[in-house]
Amino acid sequence: FFCVLSHLRWCVGALLGSPRSAMLAFVSPQLPVAAAPLVPAGTVAGSARPAQQPGSGSQLSPAMIATALAAAGAGLRQRRRSLPASLCGHALRQQHHQARLLATARRSFDVLDAPQVEGEQATGSVRPRVRFAPSPTGVLHVGGARTALFNWLFAKSQGGEMILRVEDTDMARSTADSEAAILEGLKWCGITWDEGPDCGGPVGPYRQSERMDAGIYKEQLEKLIARNKVYKCFLTSEDLDAMRAEAEKNEQAFVVDSPWARATAAEVQEMLGKGTPYVYRFRVPQDQEMVVNDLVLGEVEWNSDDLGGDFVIVRNTGVPMYNFGVVVDDAQMGITHVFRAQEHLMNTPRQILIYEALDLPIPEFGHMPLILAPDRSKLSKRHGAVSVSDYQKQGYLASGMVNYLSQLGWNDGTNKEIYTVEELLESFKMERMSKVAAIFDKDKFKWVNGHHVRLLDDDKATEMIGAELVKAGIVKQASGPFVRRASTLLRERVGTLAEAASELRSIMGYKFDDMLASPESKEWVDSGAIKETAACILKAKADGALDAIGSDPDVFKKLAKFIGEERGGVKKKALLAPLRLCLTAFDHGPGMAIFF
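Values in this document were obtained by computation on a predicted structure and should not be read as measured data. (Residues numbered from 1 in each chain as written. Predicted model: local features only at pLDDT ≥ 70, side-chain atom pairs only at ≥ 80, totals over all residues. Heavy atoms only, no water.)

Chemist: In this structure, what is going on with helix α18 (residues 481-490)? I would like to understand it.
Modeler: Along an α-helix, residues three or four apart share an orientation, since each turn contains 3.6 residues. Those residues of α18 lying buried are Val483, Ala486, Ser487, Leu489 and Leu490. Taken end-on, α18 shows its buried residues confined to a sector of 160 degrees, consistent with a single buried face. Among the structural elements, α17 (458-471) and α19 (500-508) are those in contact with the buried residues of α18. (Buried < 20%, exposed > 50% of the residue type's maximum accessible area, 1.4 Å probe, protein only. Helix = DSSP H or I, 4+ residues; strand = E, 2+ residues; numbered from the N terminus. Arc of directions from axis to C-beta. Contact = heavy atoms within 4.5 Å.)

Below you can see the structure in the form of structure tokens.
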């Protein structure tokens, strides 16, 4: 009913020629359509530029948004009280939907005067601002790299911005070396950012420890204290353990019901006088429905009664907890979209409560599928390498890594599996994200990477494969005719660069008996073709026919012609397959001329 009513009022406002009135009618049906300006005529709040008149494309000012938000909220609360219980959920969903529209309108106002990206029309549309916020307590894992990649693809495919923020409030485990390793891993993958701890930006600092020192979280905490949204809690870990044990004894869910939520000022002051440690807990409202239109999962709904009671937002050390810090940072950095793994889904309702308590715009959320091991357990070191740097050391290419990670939970609706970065940027749509967990398959990863090895141009292949041959002691320099020919051969045969040296050794120094016993050789051994071919090669060698190897590009053609004549003009396959087996131990591969 309310959706229909809102839509009708939107249409009326649009017909009357006032986009502003139409928006206000949509988000706040109790306001008069074509209402008088909510700011002094002729100006826009917070700006010296003239305000556009209704009907001429006027925009919402912050004052107008605030007034509409207050009126919409009050009207919906009044309507909810007058509704039967069966309709309350619909009213709540409409209330959340209207609040999200107002938040979007507020962000739209903020970017009206922002510089337009190349090719973007000055329509006042919101350019996405996303963030990747790792904790510097280890290396960059493939799961974190995929999260960063999807955020980057979403932002850059739409002309948006990527922010890198370091969440280093775990003082005991956070290190500068870990931060450097994470940044290096991202750069190796080709994932860039517009603002961050290394390059700065207009909404820094970009390390939470520095933001804490600047008093950013304290300022927001004081707002919550003034609004009675939080309280000092002196419960000890022993107190909480006892409460948890009591709940288990009664077969009840454990819900934090702190007596300090109802303590008098005198009781609190007494504890402070004793120097008793305390945390700040957020007052969770009772029976509040929260609905999020998740960009991956669709509509997700929570009730505040299911959150386990009042939760801690500031530790007894003064360090902000994750849910508090991330809300403050995302809001102050203007983040419009939060894309993260589904393991963070249960943080979302707590964060929404904090957003609302601070009157901050709520970003769009998208919770991406987890990455699991082949046995569907959590991916860990027991399944092999899990960090980006490990795979880099194993000879995987950055382009192969990016390609494979992009396929873990996303596809473009086709059977295409091999992508360049440019193709990913062109194809990426968040609507194509899967809801189900993705399986990390190392064999598939190597297969994808092998395609990217083969996509290397000749110069790059020579440089990268040559470096592996130098490392293995096969050659002294990663250049020259031999390295170039070897790289041409090897990039058709390897899945990773690290396999190049062993593969070359197997080609150049294979065991003849093993070749004769291989399934590929059986047909030619049984027919005698291998023996005949080997005898011809030895005769050509004795006659000096192979002396021109390296100087005459036609040596192989001459050798093949000679063997064909000696064997009585056999057909092409019967000629070349035994010859290739004798020279390389394989019956297939690139053109043999590259050897000579």
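Chemist: Looking at this model, I keep getting lost on helix α22 (residues 529-542). Mind explaining?
Modeler: Here α22 contains 14 residues, and its C-alpha end-to-end distance of 20 Å stays within 8% of the 20 Å for a straight helix at 1.5 Å per residue. Elements in contact with the buried residues of α22: α20 (512-517), α21 (522-527), α23 (555-566) and α24 (572-584). Gly544, located one to two residues past α22, shows a positive phi value of around 85 degrees. (Expected span 1.5 Å × (residues − 1).)

Chemist: Would you mind going over the pairing of strand β4 (residues 279-282) with me for this structure?
Modeler: Where a strand is regular, its side chains alternate between the two sheet faces. Neither face of β4 is open: one carries Val279 and Arg281, the other Tyr280 and Phe282, and all of them are buried. In this structure, strand β3 (residues 230-233) lies alongside β4, joined through four bridges in antiparallel fashion. By the bridge assignment, Tyr231 is partnered in β4 with Arg281. Where β4 lies against strand β7 (residues 311-314), three bridges are found, and the strand directions are antiparallel. Bridge pairing links Tyr280 to Val314 in β7. (Pairing = 2+ DSSP bridges.)

Chemist: Just to check I follow, could you spell out the packing of α22 against α24 for this structure?
Modeler: Each pair of packed helices can be summarised by the angle the axes make with each other and by the distance between the axes. Running from N to C, α22 and α24 point in directions that differ by 65 degrees, and their axes come no closer than 9 Å. Every pair of crossing elements has a handedness; the one defined by α22 and α24 is right-handed. Contacts between α22 and α24 involve Ala529, Ile530, Thr533, Ala534 and Ile537 on the former and, on the latter, Pro578, Leu579, Leu581, Cys582 and Leu583. Split by residue class, the contact of α22 with α24 holds nine nonpolar, one polar and no charged. (Axes fitted to C-alpha atoms, helices over the stretch in contact; angles between N-to-C directions. Left-handed = near helix turned anticlockwise from the far one by under 90°. Nonpolar A, V, L, I, M, F, W, Y, C, P; charged D, E, K, R; others polar.)

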